[in-house]
There are 2 protein chains.
Amino acid sequence: MTKPEIVEALKPLFYPGSVAVIGATNNLTKWGFSTLSSLLGNFQGDLFAVNNRDPMVLERKAYPSVKDIPAPVDLAVIVIPAERVSGVMRECAEKGVKAAVVISAGFVETGPAGKAMQDEVMAVADAAGIKVVGPNCMGMYSAPHNLTAFMFPLPIMAGPLALISQGGNVGGALVMDAVTRGVGFQQYVSCGAAAGVKIEDYVEYVGHDDLVKVVMVYIEGLEDGPRFIEKVREVSRKKPVIVLKPGRTEAAARAISSHSGALSGSDSIYDAAFKKAGAIRVETSIEMLDLAIGLLSQPLPKGRRVVITTPGGSYGVMCADACASRGLEVIDLPRRAMDEFNRMFPPRWSHGNPVDPAGDRNFAPYLRAPEIILESDEVDSLIFMGFGSFSGIGGMIASSGDAFSKGLEKLNQGLAGVSAMASSMLEVLESGDNEKIKQIIKMALRMTFGSVMASDGNEIERLSDTVAEALTTDAMLAGSFFQGLKRLFESAASGKLDASGFSSIMGMMEPMLDALIYYWIGKYEKPVITTTFTEETSVVREGGHFPYPNAERAASVLARLVEYREFLESAEEEEK
Amino acid sequence: MTKPEIVEALKPLFYPGSVAVIGATNNLTKWGFSTLSSLLGNFQGDLFAVNNRDPMVLERKAYPSVKDIPAPVDLAVIVIPAERVSGVMRECAEKGVKAAVVISAGFVETGPAGKAMQDEVMAVADAAGIKVVGPNCMGMYSAPHNLTAFMFPLPIMAGPLALISQGGNVGGALVMDAVTRGVGFQQYVSCGAAAGVKIEDYVEYVGHDDLVKVVMVYIEGLEDGPRFIEKVREVSRKKPVIVLKPGRTEAAARAISSHSGALSGSDSIYDAAFKKAGAIRVETSIEMLDLAIGLLSQPLPKGRRVVITTPGGSYGVMCADACASRGLEVIDLPRRAMDEFNRMFPPRWSHGNPVDPAGDRNFAPYLRAPEIILESDEVDSLIFMGFGSFSGIGGMIASSGDAFSKGLEKLNQGLAGVSAMASSMLEVLESGDNEKIKQIIKMALRMTFGSVMASDGNEIERLSDTVAEALTTDAMLAGSFFQGLKRLFESAASGKLDASGFSSIMGMMEPMLDALIYYWIGKYEKPVITTTFTEETSVVREGGHFPYPNAERAASVLARLVEYREFLESAEEEEK
């Protein structure tokens, strides 16, 4: 099919004007109840309930058959026992329904009798030109009309991902985890047995949707491998396609056959085919989501040469191992960076890559280091470890009670000396004059960095300018960083910093880092992968970067960004 | 050293009566401030501040030197520039200090000059018999006197773990992650360069502490490998020792040398040595914590034969792959289990291992299945997937707004029919007569399970009895499950179930599962490893099990439990 064909063909699925839930019920313990619940209040189109016994379902009129609905129905969502699906599909054909999501299970995955039933359903659907999702699926989502046609109310939101999953549970978990991290979808299809619309059809479709930036596919087996590979290869030149395919072991192959009824096939053949198609293969759903967010937020690195900055030696050691064992090159530091770091950091710094200031409590050099690294042509990417560790340690200190209160008193005595200056700075901050604000911030930064960083004046000026640029975008001026900054100047002006003021100042660190990271990525067009320092799940930060909870996950994403770039280059080479 | 020797020798470290912080300061931006903060309000003993300029620190008297403190000092925590440490150590010797935690960095890891300084410090300490932790460390914790001697106020709590870490950051992250999951420590030592007390000394010490159930060690390099192996081997026959040792790659080996100054050595030699010592090696800090919690909460499996139960096919497929690729045997189901499941589950169930009821919405058979599996001699362990998925889906349904309210109305109409019976049951529940309560619960369960499970009367009776036993322990009678149950009977009695009532009933699922899992583990003495269905970090549940966020992590823990059991058996064999 050419582009317009598939887009036109699947339109009733992804842009239905009206939906009927066949099997909708008042019984809270049945899937027919939760399927209707899932759509109610979300889907922006006409919604009908079909129930062959009750005249009312959830206080809306229920029709005994889809044929009784007094309006056109684009999409039927079918959630009734398998035995009754072919009959209902026949009614859908008579009604002129254009597409169907068959949630019902009990077909090909149960053996020959189930397969016969499925064949019958599909014969009816095919004859009528009905596009079928499933059977044995969890449902589907499409962003434009907020079509949330799931067997239970799965939380989902609109965004740049597309997910096609042969497993409803793995797919549902991916959706929930993505939403928890703050990323949404254009389409999510739990395709189940994919008896009607094939996995490669969905891939082709989302390949044409410009709002989709990354395609994720979970497959257990393919009917037509070569066609899948062909379609994926077309898409993967335009946007990345990530594939999760279990079945490396005999045990999983058996499980696949009883789950989706698919033949898993030889894993090494799949592996080679994915490579050829430019699909990036991952081993777990967490890797899949990590990589998707990496692809959304980072430029592709030109090569394998990485530098690591770390607020702690052992983090750096773990990261060096994680990078090198994935084929990344933890390079020797460029000469100029070495010289500069020797000036900036205390003598105990690591003198190499990973760059570790070894407990230096002045954060300024640690914020200047990335630019010095990224400026070098010898470096393709940066891993910036310990995102959140400054504010984290600050938070721990602020929570240390009595000692902290007494520490604040001493700090306030120090602030008294600069209160006059702080007052005039505060006036500028509140003036709304962005150019003046930028100047004030540059000045304040130069003073701050100058007092803590043993570097030459040029370096201090460069860092101050960079940070000031990153901090004075419109978004930053409206955000939490500026609230913290005003608080800081207010405290300095009045000489009265309290615990909540200290916390809000500590809270400035992360938005400031977000702004800097975004700025570095934009300026140098190189990936700046961040890591945090606990295993708690982060959210996608302002500007798009996502702090991975450990070095392994960060390195794994970076290695695959390199892999995808290499595929794109070889594909381009081939075309010449 | 024999047992009493090491325990006696390290007593001043782990049971100090008094602590002096040398380098304590009012300056909120210095480590000396946060180190004192970390101890204040926590340490249960005498605490002194030493500062050679200020007479008062945090409103307490500060002494110019440790020698000026008018009381004995057991332990000195030293947080001053490296150049001044040997002088201070000399004063500690004169004062009769017995142990020192040297947080200061800038010694062997910086090169020959630093090594010379360190040698000088150690010569003084050794001559005076001062036991030294560090230098270049983050501090230490000991539960008995709540000694929280860290360079910043690290949140930590008492519990059954011991952690010895050559990396302060990796160690600190492990501590925070453990506390987030709800597990605490007897000891945590960030041993840094381990110039005084060696890593193997700590291992030996914690080996003798009966409150320590699992030992975790992060090392970058060893001075005396054979001695380490000897000590670990002694301990690992009594309790598990988990080792995290980066340095597989050249890049990490270089990073290690600049971080801890250690020679990393050949990774394969380490690997062989760890095996010989019975240490269980892991690759990441997350694996380390996963395994530690697994060892705390699960019996060791007798062999590699595992059965998986899953509420979703694709979860099962991923889990089969994860198990089989780690050397676990995803066995064919025992005949009796097959027969029973054919009766219990709908015909579309997976008919194999993984056991998947394929969307069966009746949870009762899914709760009976584990017992049928665990009863079989052919099964060594069980992976129970989807912990939290019942209440999770229930929660999603409850959050579906308008549709949900209407569904509840219908449900209440149904409840009206049983209101009289519910009233009398509620009376019993509130009677406090546990024997009667158990009978009522058994009756209610038999009715419930009988109505939803297509199995014979014996099976229903067995499940009801099991669940009733598990649910009527004193802990359960006092917990959230019972609150939910009363709520359920109240609603049934009044025919008025509202959304918060529904949620509290859904909230009963997890405590009920906790009780069942604990009961199964105790009855069959086989591991029952649980997984959840999102990547969010869980907490250790009532009864001790920890729901891992995915199949890979669960399988990885189980495979290592087998590995440890095999070590214990071979060690026993050897001794004969």
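Predicted model, so just to flag it, every value in this text is computed and none were measured. All chains use their own residue numbering, which begins from 1 and follows the written sequence. Working convention: letters from A go to chains and numbers from 1 go to ligands, in the order in which they are written. With pLDDT at 70 or above as the cut-off, local features in this predicted model cover only qualifying residues; side-chain atom pairs require 80 or more to be listed or tallied, and sums for whole chains, interfaces and linings still use all residues. Think of the side-chain values as coming from all heavy atoms in the structure, minus any hydrogens and water.

Section: a nonpolar patch on the surface
Residue and element names in this part refer to chain A.
- Patch membership requires more than 30% relative accessible area and the absence of a salt bridge. Residues of like charge join within 9 Å; the nonpolar side chains Val, Leu, Ile, Met, Phe, Trp and Tyr join within 5 Å. Each accessible area is a Shrake-Rupley estimate made with a 1.4 Å probe; only the visible protein chains count as cover when residues are assessed. When a carboxyl oxygen of Asp or Glu is within 4 Å of a side-chain nitrogen of Lys or Arg, the pair counts as a salt bridge. A contiguous nonpolar surface patch, about 270 Å² in accessible area, is contributed by Met-421, Met-443 and Met-447.
- Numbering goes from the N terminus for both helices and strands, where a helix is a DSSP run of H or I of at least four residues and a strand is a run of E of at least two. The topology assignment puts Met-421 in helix H17 (residues 419–429).
- Looking at Met-421, the relative accessible area reads 33%, which means it is partly exposed. Any residue under 20% of the maximum accessible area for its type is buried, any over 50% is exposed, and the rest in between are partly exposed; the area is computed with a 1.4 Å probe on protein chains only.

What to know about the packing of helix H6 (residues 168–181) of chain A against helix H12 (residues 313–324) of chain B
- Contact geometry for H6(A) and H12(B): axes closest at 5 Å, N-to-C directions at 95°. Classified by the interaxial angle, the pair formed by H6(A) and H12(B) is roughly perpendicular. From H6(A), Gly168(A), Asn169(A), Val170(A) and Ala173(A) reach across to H12(B), where they touch Gly313(B), Ser314(B), Tyr315(B) and Met318(B). Axis lines are fitted through C-alpha atoms, for helices just across the contact stretch, and the angle between N-to-C directions can take any value from 0 to 180 degrees. Any angle between 65 and 115 degrees counts as roughly perpendicular, while under 35 counts as roughly parallel, over 145 as roughly antiparallel, and the rest as oblique. Here, two residues are considered to be in contact whenever any of their heavy atoms come within 4.5 Å of each other.

Some words on the confidence of the model for chain A
- For chain A, per-residue confidence averages 89 on the pLDDT scale, and residues scoring 70 or more make up 96% of the total.
- In the predicted assembly, ipTM is 0.90 and pTM is 0.92. Looking at any residue, its pLDDT shows the predictor's confidence there, from 0 to 100.

As for the relation of the copies chain B and chain A
- For this overlay, a least-squares fit was computed on C-alpha atoms, restricted to residues scoring pLDDT of at least 70 in both copies. Structural alignment of chain B on chain A gives an RMSD of 0.0 Å, achieved by rotating through 180° and translating 0.0 Å along the axis. With respect to symmetry, the two chain copies, as superposed, fit the operation of a two-fold axis.
- The overlap is high: 100% of the interface residues of chain B also sit at the interface in chain A, so the same surface is used on both sides.

Here we look at helix H24 (residues 551–575) of chain B
- Any helix carries an expected span of 1.5 Å times its number of residues minus one. Look at H24(B): 37 Å from first C-alpha to last across 25 residues, which is about the 36 Å you get at 1.5 Å a residue.
- Pairing of N or O atoms within 3.5 Å defines a polar contact, subject to two protein rules: one partner must be a possible hydrogen donor and the other a possible acceptor, and residues neighboring in sequence count only if both atoms are side-chain atoms. A side-chain oxygen of the first residue of H24(B) lies 3.3 Å from the backbone nitrogen of Glu552(B); this N-cap is Asn550(B).

What to know about the environment of Ser236(B)
All names here are of chain B.
- Mapped onto the fold, Ser-236 is located in helix H8 (residues 225–236).
- Separated by 43 residues in the primary sequence, Ser-236 and Ala-279 have C-alpha atoms spaced 6.5 Å apart.
- Ignoring any residue separated from it by four or fewer positions in sequence, one finds Ser-236 in contact with Val-241, Ala-277, Gly-278, Tyr-564, Phe-567 and Leu-568.
- Looking at Ser-236, its side chain comes within polar contact range of the main-chain oxygen of Arg-233, at 3.4 Å.

Structural notes on helix H11 (residues 285–297) of chain A
All names here are of chain A.
- The end-to-end C-alpha distance of H11 is 19 Å, a good match for the 18 Å that 13 residues give at a rise of 1.5 Å each.
- Among the 13 residues in H11, 11 count as buried, and that is most of the element.
- The complete set of buried residues in H11 reads Ser-285, Ile-286, Met-288, Leu-289, Asp-290, Leu-291, Ala-292, Ile-293, Gly-294, Leu-295 and Ser-297.

Let's talk about the environment of Val330(B)
- Note on placement: Val330(B) falls in strand S16 (residues 329–330).
- Among the residues examined, Val330(B) registers a relative accessible area of 7% and is labelled buried.
- With 251 residues separating them along the chain, Val330(B) and Val79(B) place their C-alpha atoms 54 Å apart.
- If we skip the residues at most four places from it in the chain, Val330(B) touches Ala251(A), Arg254(A), Val306(B), Ile308(B), Ala320(B), Cys323(B), Ala324(B) and Asn353(B).

Regarding the packing of aromatic side chains
- Classification of ring pairs rests on two measures: the distance between centres of Phe, Tyr or Trp rings, Trp counted by its six-membered ring, which must be within 6.5 Å, and the angle between planes, read as stacked under 30 degrees, edge-to-face over 60 and tilted in between. Evaluated as defined, the whole model comprises 26 aromatic pairs over all chains.
- Between Tyr270(A) and Phe274(A) the ring centres are 5.7 Å apart and the planes differ by 40°, which places this aromatic pair in the tilted class. Residue Tyr270(A) and its partner Phe274(A) are located together in helix H10 (residues 267–277), separated by four residues, close to a single helical turn. The two residues Tyr270(A) and Phe274(A) agree in class, both being buried.
- An aromatic cluster of three or more residues is present, and its members are Phe228(A), Tyr270(A) and Phe274(A).
- Sitting above the plane of the Tyr270(B) ring, Lys245(B) keeps its charged end 4.5 Å from the centroid. Cation placement over rings: the criterion is NZ of Lys or CZ of Arg within 6 Å of the ring centroid and within 35° of the ring normal.

Quick notes on the sheet that holds strand S14 (residues 280–282) of chain B
Residue and element names in this part refer to chain B.
- Judged by pairing direction, the sheet is mixed, and its seven strands sit side by side in the order S9-S8-S11-S10-S12-S13-S14 without closing on themselves. Looking along the sheet, the strands with just one partner apiece sit at the ends: strand S9 (147–150) and S14. Strand after strand, the sheet turns through a mean of 20° between neighbouring axes, direction not considered. Pairing between two strands requires that DSSP report at least two bridges joining them.

Some words on the interface of chain B and chain A
- Counting residues at the interface gives 85 residues for chain B and 87 residues for chain A.
- When two parts are put together, the accessible area they lose, computed with a 1.4 Å probe and summed over both, is reported as buried area. Summing the contributions of chain B and of chain A, the shared interface buries around 7,100 Å²; its carbon and sulfur component is 65%.
- At the junction of chain B and chain A, the tally comes to four salt bridges.
- For the salt bridge of Arg181(A) with Glu535(B), the shortest nitrogen-to-oxygen distance reads 2.8 Å.
- The interface formed by chain B and chain A contains 16 residue pairs in polar contact (both at pLDDT 80 or more).
- For the side of chain B that touches chain A, the elements supplying multiple residues, two or more each, are helix H3 (31–39), helix H6 (168–181), helix H9 (250–259), helix H11 (285–297), H12, helix H15 (389–398) and helix H16 (402–416) of chain B.

Side note on the side chain of Asn550(B)
- You can see Asn550(B) is positioned in the loop between strand S18 (528–530) and H24.
- What Asn550(B) contacts, discounting residues up to four positions off in sequence, is Ile286(A) and Thr531(B).

Considerations on the pairing of strand S8 (residues 139–142) of chain B
All names here are of chain B.
- Across the two faces of S8 the burial is the same, with Gly-139 and Tyr-141 and Met-140 and Ser-142 all buried.
- Relative to S9, S8 is paired through four bridges, and the arrangement is antiparallel. Bridge pairing in S9 places Tyr-141 opposite Thr-148.
- Turn length for the S8-S9 hairpin, with the two strands adjacent in sequence and antiparallel, is four residues, and the turn residue Asn-146 shows positive phi of about 50°.
- Sheet topology places S8 next to strand S11 (residues 185–190); four bridges connect them, and they run antiparallel. Residue Met-140 lies in a different strand from S11, and its bridge partner there is Val-189.

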